[in-house]
Amino acid sequence: MSTPSFWLVIPAAGIGSRMQAACPKQYLKVADKTILELTLNCFLQHPGLRGAVLALAAHDHWWPQLSCADNPLISTVEGGAERANSVLNALMALSANGADKDDWVLVHDAARPLLERPDLDRLLSTLAQDPVGGLLAVPARDTLKQVTADGHVVTSIDRSVIWHALTPQMFRLGLLQENLTATLAAGAAVTDESSALEWGGYAPRVVEGSANNIKITRPEDLQLLQTLLVSAT
Ligand SMILES: Nc1ccn([C@@H]2O[C@H](COP(=O)(O)OP(=O)(O)OP(=O)(O)O)[C@@H](O)[C@H]2O)c(=O)n1
Ligand SMILES: C[C@](O)(CO)[C@H](O)COP(=O)(O)O
């Protein structure tokens, strides 16, 4: 099935505090490539990519050293205080540079280097005609507990209706920009793009993806990344 063309937003302005590394985690090297380069690879090889906007920290001096920094498909903007602010800055740049409000935009974490092409194509083809958009996600496998602040179980959550949100998340530029702007203005919690659409009363669709599409967050994730990269070759 043919897949629609799309713009790409990569929030990459985080400091990676939970990783406790000497540089932001997206610039840590694994198998001779930075996590950011690994993340970009899947998209730069896709014929549907119209262009990419990376949101970078104001003090980011690592990006210009990467070979892909010269790729004409990639532009950069300054990120914001939170991930949602970084994403909104990138969306505003797309709008200012002529992207249409009905164009598809995919937002993908710089810290998710293991997105697989079949998952990307499944997201694009499944949502190509969707009136709202949606996101890659994985159904919960473990028994889930609601727990008190001092660590005691309150109840078990029905896992049959629980999914883990991943990225990319895929929405039309105008709808996403409008709802993200409104959600931030209202001071509502927004840790992913779907949250903003939900706040606006929409019901994004989940598209099942691979549980290997992990977000590199803590030091132990680097070993898992190495293992998954080896098994993928
Ligand atoms: N102000 C911010 C904060 C985060 N991000 C990006 O959002 C993605 C997911 O965020 P997270 O995994 O939390 O990254 P960090 O914020 O860097 O990690 P930490 O919370 O451990 O500092 C990352 O690619 C990160 O670079 C961003 O663009 N702008
Ligand atoms: C967008 C996301 O990766 C979906 O699971 C997640 O919400 C990012 O959270 P973070 O705290 O900004 O890493």
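In the block above lies the structure referred to throughout.
I will try to describe carefully the structure that is included in this document. These numbers come from a predicted model, not from an experiment.

### Some details on the pattern of salt bridges
Per the stated rule, a full pass over the model turns up eight salt bridges. Asp-109 serves as the salt-bridge partner of Arg-112, at 3.0 Å between the closest nitrogen and oxygen. Asp-109 matches Arg-112 in its accessibility class, with the two residues each being buried. Put simply, Asp-121 and Arg-117 hold a salt bridge, and the shortest N to O gap is 2.9 Å. A residue pair is termed a helical-turn pair when its members lie 3 or 4 positions apart in one helix, as Asp-121 and Arg-117 do in helix H3 (residues 117–127) at four residues.

### Let's talk about the site of ligand 2
Close contacts around ligand 2 come from Arg-18, Arg-83, Asp-109, Arg-112, Ala-165, Thr-167, Thr-191, Asp-192 and Lys-215, and that covers them all. At 2.9 Å, a side-chain N or O of Arg-112 approaches an oxygen atom of ligand 2. Between ligand 2 and Ala-165, the relevant distance is 2.7 Å, taken from an oxygen atom to a main-chain nitrogen or oxygen of the residue.

### What about helix H1 (residues 35–44)?
Counting buried residues in H1 gives eight out of ten residues, a clear majority hidden from the surface. For H1, the full list of buried residues reads Ile-35, Leu-36, Glu-37, Leu-38, Thr-39, Leu-40, Cys-42 and Phe-43.

### With respect to the site of ligand 1
By nearness alone, 19 residues border ligand 1, and Gly-16, Ser-17, Arg-18, Lys-25 and Ser-86 come closest of all. Contacts to ligand 1 include Arg-18, whose side-chain N or O atom sits 2.7 Å from an oxygen atom. Take Ser-86: an N or O atom from its side chain is 2.8 Å from a nitrogen atom of ligand 1. Protein contacts shield 87% of the accessible area of ligand 1, which totals 570 Å² for the unbound molecule. Those elements giving two or more residues to the shell around ligand 1 turn out to be strand E1 (6–12) and helix H2 (83–96). A per-class count over the shell around ligand 1 returns seven nonpolar, six polar and six charged.

Cut-offs and rules
- Residues numbered from 1 in each chain as written.
- Chains lettered and ligands numbered in written order.
- Predicted model: local features only at pLDDT ≥ 70, side-chain atom pairs only at ≥ 80, totals over all residues.
- Heavy atoms only, no water.
- Salt bridge = Lys/Arg side-chain N within 4 Å of Asp/Glu carboxyl O.
- Buried < 20%, exposed > 50% of the residue type's maximum accessible area, 1.4 Å probe, protein only.
- Helix = DSSP H or I, 4+ residues; strand = E, 2+ residues; numbered from the N terminus.
- Near = heavy atom within 4 Å.
- Polar contact = N/O pair within 3.5 Å; in protein donor to acceptor, adjacent residues only side chain to side chain.
- Areas by Shrake-Rupley, 256 points an atom, 1.4 Å probe, with all protein chains shown as cover.
- Nonpolar A, V, L, I, M, F, W, Y, C, P; charged D, E, K, R; others polar.

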